[in-house]
Amino acid sequence: MKSVLTIAGSDSSGGAGIQADIKTITAHKLFATSAITALTAQNTIGVRAIHNAPPEFVGQQLDAIFEDIRPHAVKIGMVSSPEIITIISQKLRQYGAENIVLDPVMVSTSGSKLLADEAQDNLCRLLLPIATVITPNIPEAQVLSGREINNLNDMEEAAKIIGDKLFGGVLIKGGHLLDSATDLLYYDGEFNWYRQEHIDNPNTHGTGCTLSSAIACNLALGYELPEAIANAKKYLTGALKDGLNLGKGSGPLNHMYCL
């Protein structure tokens, strides 16, 4: 059995973060390992508190994993401090990690800044260059490219600007910009569009975590990046279509719909 490592924060409500990643990895019939970067007190309504793990402890978690059950792919999610970002970068380079999927949690869909300037700088300098693929949303892609994104042409321009600076691919998630779940991959000098139906489901807590984890799973299974993303999008669509309705706010997906 192949394994996938998730490096992310814990979501106490189970819909996003480490919990969503582990469910996604399990649904793909792979073995999940984890390095927790932060504890959060949150639910479908909002986040009440965040407690970051000490950077050295994050490093010890990564040592424990790579020295024993080496992952075939790595998903990186919430990394909120520059020190944690630095130690993750050092350890992934030290162990020669492969198939790294980075969800650069920098800016919320509503435009709110989620990372301090120093942490954002470390993310761009230390983690983006070693990623196999990064999965920014529209606001994050605007920050990374330095240009506004209002349509499909803008997405292509931004993806090329970002991608030309990186080793791997750039998947810009554009579903919330249009009335369809349209994402764009810029990889190896080519554009790949992923157009799927828009699903009328307000319960979307953890969709970004789930998509990036599913991509990591497919890379671990040996799929090339464009097909890995297509498979991950199909899985996410199924989880949304299932129509799970839990909590008083934006509820979680049913990660286990296919089991």
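Counting of residues starts from 1 at the beginning of each chain's written sequence and follows it residue by residue. Since the coordinates come from a predicted model, pLDDT governs what is reported: local features require at least 70, and pairs of side-chain atoms require 80 or more to be given and counted, while whole-chain, interface and lining totals use all residues. Side-chain metrics rest on all non-hydrogen atoms present in the structure, leaving aside hydrogens and water.

Participant: Explain the overall build of the protein to me, please; I cannot follow it from the model alone.
Facilitator: Where helices and strands are cited, they refer to DSSP runs of H or I of at least four residues and of E of at least two residues respectively, numbered from the N terminus. The number of helices and strands found in the protein is eight helices and nine strands. Here the C-alpha radius of gyration of the protein, 17 Å, is about what a compact globule of 259 residues would show, namely 18 Å. Scored against the burial criterion, the 259 residues of the protein give a buried share of 54%. A separation threshold of at least 6 residues defines the contact pool for the protein, and within that pool the share at least 24 residues apart is 68%. The globule rule used for comparison is 2.2 Å times the number of residues to the exponent 0.38, while the radius of gyration itself is calculated over C-alpha atoms. Buried means the residue's accessible area, taken with a 1.4 Å probe over protein chains only, is under 20% of the maximum for its type, while exposed means over 50%, and partly exposed covers the values in between. Two residues qualify as a contact provided that any one of their heavy atoms is within 4.5 Å of a heavy atom in the partner residue.

Participant: It is not clear to me how the nonpolar core should be interpreted in this structure. Could you clarify?
Facilitator: The nonpolar side chains of a soluble globular protein tend to be buried with one another. Here, nonpolar core means buried Ala, Val, Leu, Ile, Met, Phe, Trp, Tyr and Cys residues that are tied together by side-chain atoms lying within 4.5 Å of each other. Ranked by internal contacts, the top residues of the largest apolar core, which has 42 residues, are Ile76, Ile88 and Leu92. It is helix H3 (residues 82-94) that contributes the most residues to this core, five residues altogether. Ignoring sequence-local partners within four residues, the contact set of Ile88 consists of Ile7, Thr37, Val58, Leu62, Ile76, Val79 and Leu127.

Participant: Whenever I open this one, the pattern of salt bridges confuses me. Can you help?
Facilitator: A side chain with one charge can pair with a side chain of the opposite charge if their charged atoms come near. Here, a salt bridge means any side-chain nitrogen of Lys or Arg that lies within 4 Å of a carboxyl oxygen of Asp or Glu. Enumeration according to the criterion identifies seven salt bridges in this entry. Here Lys173 and Asp103 are joined by a salt bridge, their closest N and O atoms 3.5 Å apart. Of this pair, Lys173 sits in strand S7 (residues 169-173) while Asp103 sits in the loop between strand S5 (100-102) and helix H4 (117-127), and the two are 70 residues apart along the sequence. Taken individually, Lys173 and Asp103 each receive the classification buried, so the pair is uniform in this respect. In this structure, Arg125 engages Asp121 in a salt bridge whose closest nitrogen and oxygen atoms are separated by 3.0 Å. Of this pair, Arg125 and Asp121 both sit in helix H4, four residues apart, which is roughly one turn of the helix.

Participant: Even after reading the chapter, I still don't get the packing of aromatic side chains, so can you show me in this structure?
Facilitator: Any aromatic ring pair is given by two values, namely how distant the centres are and how the planes are angled relative to each other. Working definition: rings of Phe, Tyr and Trp (its six-membered ring) pair if their centres are within 6.5 Å, and the pair is stacked with planes under 30 degrees apart, edge-to-face with planes over 60 apart, and tilted otherwise. Tallying each qualifying case throughout the model produces three aromatic pairs. Geometrically, the ring pair formed by Phe66 and Tyr95 is stacked, given 5.0 Å between the ring centres and 5° between the ring planes. Of this pair, Phe66 sits in helix H2 (residues 55-66) while Tyr95 sits in the loop between H3 and S5, placing them 29 residues apart in sequence. Judged by its relative accessible area of 7%, Phe66 is buried.

Participant: So what exactly am I meant to see when it comes to the side chain of Gln42 here?
Facilitator: Tracing the backbone shows Gln42 in strand S2 (residues 31-42). Definition of a polar contact: a pair of N or O atoms within 3.5 Å, with one able to donate and the other able to accept a hydrogen when the atoms are protein atoms, and with sequence-neighbouring residues admitted only if both atoms are side-chain atoms. At 2.8 Å, the side chain of Gln42 and the side chain of Thr40 are in polar contact. Apart from the residues within four sequence positions on either side, Gln42 is in contact with Ser10, Asp11, Ser12, Ser13, Val47, Arg48 and His205.

Participant: Would you mind going over the environment of Thr6 with me for this structure?
Facilitator: Note that Thr6 resides in strand S1 (residues 3-11). Along the backbone, Thr6 and Ile76 are 70 residues apart, and their C-alpha atoms lie at a distance of 6.0 Å. Beyond its immediate stretch of four places on either side in the chain, Thr6 contacts Ile18, Asp21, Ile22, Thr33, Ser34, Ala35 and Lys75. Here Asp21 takes part through its side chain, which lies 2.6 Å from a polar atom of the side chain of Thr6.

Participant: Any chance you could explain helix H7 (residues 207-220) here in plain terms?
Facilitator: Count 3.6 residues to each turn of an α-helix, and residues three or four apart come out pointing the same way. For a helix, the expected span equals 1.5 Å multiplied by the number of residues minus one. In this model H7 runs 20 Å from its N-terminal to its C-terminal C-alpha over 14 residues, within 8% of the 20 Å that 1.5 Å per residue would give. With 13 of its 14 residues buried, H7 lies for the most part within the structure. Phi turns positive, to about 100°, at Gly222, one or two residues after H7.

Participant: Honestly, the side chain of Asn203 in this entry has me stumped. Any pointers?
Facilitator: With respect to the helices, strands and loops of the structure, Asn203 is situated in the loop between strand S9 (190-196) and H7. At 3.3 Å, the side chain of Asn203 forms a polar contact with the side chain of Asn245. Excluding residues within four positions of it along the chain, Asn203 makes contact with Leu240, Leu244, Asn245, Gly249, Ser250, Gly251, Pro252 and Leu253.

Participant: Can you help me understand the pairing of S7 in this one?
Facilitator: Each regular strand carries side chains that alternate between the two faces of the sheet. Most of S7 is tucked away, with five of its five residues classed as buried. As paired strands, strand S6 (residues 133-134) and S7 are joined by two bridges and run parallel to one another. In the sheet register, Val133 faces S7, and the bridge partner there is Gly169. Two strands are counted as paired when DSSP detects at least two bridges linking them.

Participant: In this structure, what is going on with the environment of Val101? I would like to understand it.
Facilitator: In this structure, Val101 sits in strand S5. Here Val101 falls in the buried class, since its relative accessible area comes to 0%. Taking C-alpha positions, Val101 is 7.8 Å from Ala73, a pair spaced 28 residues apart along the chain. Here Val101 is in contact with Val74, Lys75, Ile76, Val133, Thr135, Ser212, Ile215, Ala216 and Leu219, once residues within four sequence places are set aside.

From the geometry alone we can't say anything about function, so treat these as descriptive.
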